[in-house]
Structure formats: structure tokens, C-alpha cells
Amino acid sequence: MKCSNCGEREGVVSLTQIVEGDVRTVSLCALCAGEKGIETGVGIADTPLGGFLAALGEGAGPDTALAAALESGCPACGATLRDFRESGRVGCTECYRAFDVPLRELLRRLHGSTHHTGRRYAGTAPPPAAIADASARDLRDQLRRAIEAEQFELAAELRDRLRDRE
Amino acid sequence: MIDLTLLPDGGMSWLDASGPGSHLVVSTRVRLARNLSRHRFATRNDPAEREIILTEVQAAAAETPGLGRAVRFRVDRLELVDRQLLHERHLVSRELAAPEPGQRVRTGGGLLVQDQASVLINEEDHLRLQALRSGFALEETWAVVATLDAELGQRLAFAFHPEFGYLTSCPTNVGTGLRASVLVHLPGLVLTKEINKILQALTQVGLTFRGLYGEGSEVVGNLFQLSNQTTLGKSEHELLDQLGKLVRQVMEHEERARQILLRDATSILEDKVWRAYGLLRYARTLSFEETMNLLSGVRLGVGVGLIPNVGMYALNKLLVFTQQAHLAAAEGRNLTEDEIPVRRAAYVRRTLEEEVGRCGPSAGTPPT
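Please read all numbers here as calculations on a predicted model, not as lab measurements.

Enquirer: Give me a negative patch on the surface: which residues, what numbers.
Expert: Residues and elements named next belong to chain B. Taken together, Glu-139, Glu-140, Glu-238 and Asp-241 make up a surface patch of like negative charges. Looking at the element boundaries, Glu-140 is found in helix H4 (residues 138-153). Take Glu-140: its relative accessible area is 39%, and that puts it in the partly exposed class.

Enquirer: Residues and numbers for the pairing of strand S3 (residues 110-114) of chain B, please.
Expert: One face of the sheet, then the other: side chains in a regular strand alternate in exactly this way. Residues and elements named next belong to chain B. Of all five residues making up S3, five are buried, and the element is well covered by its neighbours. A two-sided burial pattern is seen for S3, the buried positions comprising Gly-110, Leu-112 and Gln-114 on one face and Leu-111 and Val-113 on the other. As defined by bridge partners, S3 adjoins strand S4 (residues 117-121) across five bridges and the pair is classed as antiparallel. The residue bridging Gly-110 from the neighbouring strand is Ile-121, located in S4.

Enquirer: With reference to specific residues and values, describe the packing of aromatic side chains.
Expert: Under the criterion given, the structure shown has eight aromatic pairs over all chains. Relative to B:Tyr166, the ring of A:Tyr121 lies with its centre 6.3 Å away and its plane at 80°, an arrangement referred to as edge-to-face. Pair noted here: A:Tyr121 is in the loop between helix H6 (100-111) and helix H7 (136-148) and B:Tyr166 is in strand S7 (residues 165-166), and the two residues belong to different chains. Relative accessible area serves as the criterion here: at 11%, A:Tyr121 is assigned to the buried category. By the ring-pair criterion, three or more aromatic residues cluster together here, those being A:Tyr121, B:Phe158, B:Phe160 and B:Tyr166. A cation over an aromatic ring shows up here: B:Arg34 above the ring of B:Tyr166, its NZ or CZ 3.4 Å from the ring centre. A cation sits over an aromatic face here: B:Lys317 above B:Tyr313, 5.0 Å from the ring centre.

Enquirer: Tell me about the side chain of B:Ser169, residues and numbers included.
Expert: Mapped onto the fold, B:Ser169 is located in the loop between S7 and strand S8 (178-185). The residues contacting B:Ser169, other than those within four sequence positions of it, are A:Gly88, A:Arg89, A:Val90, B:Asn35, B:Phe41, B:Glu124 and B:Asp125.

Enquirer: Account for the interface of chain A and chain B, naming residues and giving values.
Expert: Accessible area lost during the coming together of the parts is what is often quoted as the interface size. Each partner contributes to the interface: chain A provides 41 residues, whereas chain B provides 44 residues. Applying the counting rule to chain A against chain B returns four salt bridges. The shortest N-O distance in the salt bridge between B:Glu163 and A:Arg104 comes to 2.8 Å. Among the secondary structure elements, those contributing two or more residues to the side of chain A that touches chain B are strand S1 (13-19), helix H4 (81-87), H6 and helix H8 (152-165) of chain A. At seven residues, H6(A) tops the list of elements feeding residues into the side of chain A that touches chain B.

Enquirer: Residues and numbers for the confidence of the model for chain B, please.
Expert: The predicted model of chain B has a mean per-residue pLDDT of 91, with 93% of residues at 70 or higher. Among the prediction metrics, the complex's ipTM stands at 0.86, with pTM recorded as 0.79.

How each quantity is defined
- Residues numbered from 1 in each chain as written.
- Chains lettered and ligands numbered in written order.
- Predicted model: local features only at pLDDT ≥ 70, side-chain atom pairs only at ≥ 80, totals over all residues.
- Heavy atoms only, no water.
- Patch = residues over 30% accessible without salt bridge, like charges linked within 9 Å, V, L, I, M, F, W, Y side chains within 5 Å.
- Areas by Shrake-Rupley, 256 points an atom, 1.4 Å probe, with all protein chains shown as cover.
- Salt bridge = Lys/Arg side-chain N within 4 Å of Asp/Glu carboxyl O.
- Lys, Arg positive; Asp, Glu negative; His and termini not counted.
- Charge placed at Lys NZ, Arg CZ, Asp CG, Glu CD.
- Helix = DSSP H or I, 4+ residues; strand = E, 2+ residues; numbered from the N terminus.
- Buried < 20%, exposed > 50% of the residue type's maximum accessible area, 1.4 Å probe, protein only.
- Pairing = 2+ DSSP bridges.
- Phe/Tyr/Trp six-rings, centres within 6.5 Å; stacked < 30°, edge-to-face > 60°.
- Lys NZ or Arg CZ within 6 Å of the ring centre and 35° of its normal.
- Contact = heavy atoms within 4.5 Å.
- pLDDT = per-residue confidence, 0-100.

Here it is as C-alpha cells:
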């Protein structure tokens, strides 16, 4: 079966989507599947987390921003993206801000969303200011890094958020 | 050895087969992952910080109705056999229990247990709130955990992100931090070879399956733990609803498969379940795996009405009490490798004989 996306290459993975109770199955070639963040299982770890972690920083030369980001540490706990790649575990609350771009992308791949819609934390202590919404400067920085890493879907979302803010 | 009689009903009410759908579902478990915003997560903190976390959580828990009377354990200070015992009872995760001989135990590990609720401290996340109930009871089990969460959340500053929700050590748990799982017995689908199709369909709609002891454990005795895969983007009730609907469908498929087996393969099915009963009733040595497989046969026989008067409670208890640490606890000493299968077989025989005593001479007697 031809790929439902490009209609040119042979489909190697079939994807079943359920949208509001409607079941659709599409066939995708390796390239289109990769662009949509779907693992085709060829030479990649089985789980989305494993695949993502293995791919983190791959293809980034020593001079790219991403390679530098791999070594930059979280200001609160000192964990680096390299640590995260090795352990698959985040170091602290602040890491979610320090590594917002790659973690946001990972959450999207793992869960299909980055927006929590469940219970809100209603404790006596307000959420720490450090993890409140990123400032416009942070967003611009993230946008630049997303474009450099060719994560265009993420870049579009960041651009929209910046526009909303400004 | 620790005295588990300290726990009301030994922390085992989830085994009593009193819940809805107990002929197919052993238990329902819901857990929430929570972290304290001011402390580093498990892979970055040190023993001193874990001690502080343990103290803070215990102090907060002591003030709550849900955990004010909790029995406390310092998991890291328990002997190996006691950690195994708590793990076999599904009270402590493999990660915290370190149940293999020589395995390094993480310092600062704690457990609080009160009624059907428990909290693991310093596991992969600072807190793992969990509740376990008999049968298929997602909403009731969730209600226990939701109350704990609200009570502890008023006293502890949880790590929460305005967009991502509750923050966890592993990104797979971010958002709600909720993992709900239903331990369901599916021998009909295994025998009719439908199981792979069903499991494949489940994984495509965001569910996952595991063995008796959760992540990383093998499926034994046709017991599948079905749970939600994702934790972010849907509310707790949406996640529970979706899991509930799919488990109900799986249960219907299982019922149908059992009816087909009864109708089209009666003598094969009868032979299978009575052989399983006969072996469990009279064998002199039993491995754990064999016990689980034979128990599955007997459970199926009881479920379809072929084996009369053997209680699901007794069968559920055997799932836990035939394990190594429980056999050792029953003997009051550690057992050698050679002794374990012998003691296990003796324990199973005794339990099934007691069922005959409890239910009268017809228990375990094949209809003529």
C-alpha cells in the first residue's frame, strides 16, 4: 500500500487513529512517519521514550546549539540533557523549565499533548515562581532553538504563544 | 521478621473477591505520582535529602484523616525477606523493595499503610499514593487516592507546572501522574488464541498491559494487568472512563470466549480444569510458575461453574501466599531452594483441603 501522506513511497507502518470515536487507519512510509514523530521500529528503540532519548542530540555537530545544550546544566540541580538521555529521568522541578524545548517535544510524543487538563494543584503553597509561564525572552530563545533543531511544529506553537503574549 | 498482623487485614482486603466482577477481575489499583517542588528528584538527590523528604511526608501524613493512623515501615531498614514480603503483597514496588539478594536498597525508602490506601516515599517519585481494591472498581479506588492527594496537597508543596500539570521524575508520568490498572484473568482469550489481537488493539488506543507485578513483570497464570499508557492531555476521569470502557469490552470478549469453549470443547475444557485441580490438590512439589498456571485452570473451572464450591478468595490468596517470602513467613524461617517447592505444594494442598472443610464434601468433587 502506498503512503497515505506522500502517495509516492511504499507504506511501512500503519497508524490507527481514533478521533471522537471515529477509527481511521492510514499507511505511512518511513520518511513521513519520521516527520510525524512515529517510530517505524527500524533500528530505533521500541518505546517512544527510548527512541527519543537515543535520538536526542544525534546529528548535531559539536558547534550546534543543540550539542551545547546537551552539556548545559539545570541551574537548580545541575542535571544536563546528557544526564537525562542516559537515565531517562528528570532531575528536579526546575529542569522542566531549563529544558523546556526538548521536554515539551518529548511530552508531545509520549502523550500526544502538553496541556494538563486534570486536577489543578490547590495546595497552600503557590506554585514556585521559577516554573511559572516562561517569559517572552525565554520563548524567543526557545523559538530560535526549535528552528535550529528543525522542529517546525514546535516552532509554530512557540511563535503563536509569543504572538499571544505580545 | 516484620509482623504484618499490624496491618488491618494484613493489607490484603483487595484479595477477598468481594468486588464487582470478581470472577474475572482480581483487583483494581490506582496510583498517583507526586513530587515535592523544593527537593531534587530521585536520580539527583542524596541520602540526606531523602531523609528530609521522608520526615516531611510522614509529618504531613500524620495530620491527615486518610493516613493519621497509618502503619509506618522504613523499607530501607528491613531485612531482605521482609522487603520481599511487602513486595509480594503489592505494597512496595520492585524498585523500592530491591527483592533480589545482594540488590542495593535505596536509602530513605518508606511505606505508610492505612486501610486500602498506602504511600510509598522516595520511590522513583517522592510520593506514590496508591489504593488497591477487590474486583473491578475504578471509581471507588480513584476516590480513595483522590482524597489522599487532596489531604496531602494541603500540607505539602507539590511540583506542579501550569501547563504540564504534576511534574514527575519520568516524563511518562507527567500531567495527572495517574496510572490505573485492572488485574484481569483472561484464560478464555488465551485458549481461543484471541489474546494477541485484543492486546494489540489495546496498545493502539493508548492502553498497555503488564504482568502480575506491573512494569517489567512477566504475565503468569493468564493474569494481565491492563492500564493507561498516557497521563497527560486527558483528565483523571477521562483516563479512568477510557480504561473502564475498554476493560469492560475485554471482559465481554473473555465471557464470550468461555462460552465458546464450554459449547464447542466441553470435554477438553473439563479435562483441563480438573487436571489442574487434581495436580494442585495432590502434588508434592510445585514451582511458582506451575502453580500460577494450574491456579489459572482452577479459576477458569470455578468461573464457568465446572468446579463447585471453591472460593475465589482462596484462589486469590494462593496467588500471594505461595510466593517465596510468604512461604518463609509461614514457616517462621528462611527456606532453602529445595524446600520451597515442597512447602508450596503443602500450602496449596492444605488450602484446598480447608475449602473442602469450609464448603462441605462437594467442594472439588467432580459431578458424576
